Amino acid sequence: MAVTRTFSIIKPDATRRNLTGAVTKLLEEAGLRVVASKRIRMTRDQAEGFYAVHKERPFYNDLCSFMTSGPVVVQVLEGEDAVKRNRDVMGATNPADAAEGTIRKLYAESIEANSVHGSDSDDNAAIEIAYFFQPGEIVG
Ligand code: ADP
Ligand code: MG
């Protein structure tokens, strides 16, 4: 299994409840290494661009408002099969469906305020990493 990278966001519902460390601990315990991390307040333009794939979905506007409602922590995670490894520890989008022990089961407030984002493919991971990080900001 190859060591790969994925992109993660600790969302505003989690930073508001001071869960940055708790979430990061679960990521690290799942075998992921934080090789870049910064706390930012996303602009509306950044959020709309990041979630452009969901533009036609009914929740798009609310989602962009939520993602700009407070600070987020954007991270690059490295590990074996990082995209899948991260999706597994995140749990299902809707916390009601998330498995025991996953970040969303433990911490998500709702299907929208679900504490974390994780890339869904290697290709999207590369695109999302480049959206928020310069190559020199990533130190493996
Ligand atoms: P995931 O984050 O698990 O990859 P999606 O890519 O489908 O899920 O959706 C992106 C984000 O949009 C979700 O993490 C969640 O914050 C929000 N979202 C998804 N589905 C809904 C919904 N039905 N109602 C409100 N918000 C949603
Ligand atoms: Mg997604």
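Figured I'd write up the structure that's included with this text. The numbering scheme is per chain: residues are counted from 1 as the chain's sequence reads. Chains and ligands are labelled by the order in which they are written, letters from A for the one and numbers from 1 for the other. In view of the model being predicted, local features appear only for residues whose pLDDT reaches at least 70, and side-chain atom pairs are presented and counted only at 80 or more, with totals across whole chains, interfaces and linings using the full set of residues. Remark: hydrogens and water are excluded; side-chain values derive from all non-hydrogen atoms of the structure.

### Comments concerning the site of ligand 1
To keep it simple, the criterion reads: A cutoff of 4 Å decides nearness: a residue is near a molecule or strand if any of its heavy atoms lies inside that distance of it. The term polar contact refers here to a pair of N or O atoms within 3.5 Å; inside protein, the definition further demands a hydrogen-donor-capable atom paired with an acceptor-capable atom, and it admits residues adjacent in sequence only when both atoms are side-chain atoms. Accessible surface area values rest on a Shrake-Rupley calculation with a 1.4 Å probe, where residue burial reflects the displayed protein chains alone. Charged means Asp, Glu, Lys or Arg here, nonpolar means Ala, Val, Leu, Ile, Met, Phe, Trp, Tyr, Cys or Pro, and polar covers whatever is left, Gly included.
Ligand 1 sits among Lys11, His54, Phe59, Leu63, Arg87, Thr93, Arg104, Ile111, Glu112 and Asn114. A distance of 2.5 Å is found between an oxygen atom of ligand 1 and a side-chain nitrogen or oxygen belonging to threonine 93. Separating an oxygen atom of ligand 1 from a backbone N or O atom of glutamate 112 is a distance of 2.8 Å. Coverage of ligand 1 by the protein amounts to 79% of the 540 Å² it exposes when considered alone. Per-class residue counts for the shell around ligand 1 are 3 nonpolar, 3 polar and 4 charged.

### Points about the side chain of asparagine 114
Selection rule: Working definition: helices are DSSP H or I runs of at least four residues, strands are E runs of at least two. Numbering for both runs from the N terminus. Exposed residues in this analysis have more than 50% of their type's maximum accessible area, buried residues have under 20%, and partly exposed residues fall in between, with area computed by a 1.4 Å probe over protein chains only.
Looking at the element boundaries, asparagine 114 is found in the loop between helix 6 (103-107) and strand 4 (116-118). You can call asparagine 114 buried: its relative accessible area is 2%.

### Examining helix 5 (residues 82-90)
To keep it simple, the criterion reads: Relevant arc is that of directions from the helix axis to the C-beta atoms, nothing else. Contacts are assigned to residue pairs with any non-hydrogen atoms lying within 4.5 Å of each other.
Turning to helix 5, its buried residues are Ala82, Val83, Asn86, Val89 and Met90. Angularly, the buried residues of helix 5 cover 140° about the axis, an arc narrow enough to put them on a single face. Looking at the buried positions of helix 5, the neighbouring elements they touch are strand 1 (3-10), helix 2 (20-29), strand 3 (72-80), helix 6, strand 4 and helix 7 (122-132). Glycine 91, located one to two residues past helix 5, shows a positive phi value of around 90°.

### As for the environment of arginine 104
Within the element layout of this structure, arginine 104 appears in helix 6. Exposure remark for arginine 104: the relative accessible area of 4% places this residue in the buried category. The spacing of arginine 104 and alanine 92 is 12 residues in sequence and 7.1 Å in space, taken between C-alpha atoms.

### A few points about the packing of aromatic side chains
Here the distance between the centres and the angle between the planes together describe a pair of aromatic rings. Going by this rule: Pairing of aromatic rings covers Phe, Tyr and Trp, the last counted by its six-membered ring, and requires centre-to-centre distances within 6.5 Å; plane angles under 30 degrees mean stacked, over 60 mean edge-to-face, and any other angle means tilted.
Inspection of every chain in the model, using the stated rule, returns 6 aromatic pairs. Taking 5.0 Å as the distance between ring centres and 80° as the angle between the ring planes, the aromatic pair formed by phenylalanine 50 and tyrosine 51 counts as edge-to-face. Each member of the pair phenylalanine 50 and tyrosine 51 is classed as buried. On the accessibility criterion, phenylalanine 50 (10% relative accessible area) is buried. What links up through ring pairs into an aromatic cluster is the set Phe7, Phe50, Tyr51, Tyr131 and Phe132.

### What about the nonpolar core?
Short version of the rule: Take the buried Ala, Val, Leu, Ile, Met, Phe, Trp, Tyr and Cys residues and link them wherever side-chain atoms come within 4.5 Å; each set so joined is a nonpolar core.
Core analysis: the biggest nonpolar cluster contains 22 residues, and Phe7, Ile9, Met42, Met67, Val74, Phe132 and Phe133 have the highest contact counts within it. Elements with a contribution of two residues or more to this core: strand 1, strand 2 (33-40), helix 3 (44-50), helix 4 (60-67), strand 3 and helix 7. Sort the elements by how many residues they give to this core and helix 4 lands first, with 5 residues. Not counting residues up to four positions away in its chain, the partners in contact with phenylalanine 7 are Phe50, Val74, Gln75, Asn86, His117, Gly118, Ser119, Ala125, Glu128, Ile129, Phe132 and Phe133. Core analysis: the next-biggest nonpolar cluster, separate from the first, contains 14 residues, Leu19, Leu26, Leu32 and Val73 among them.

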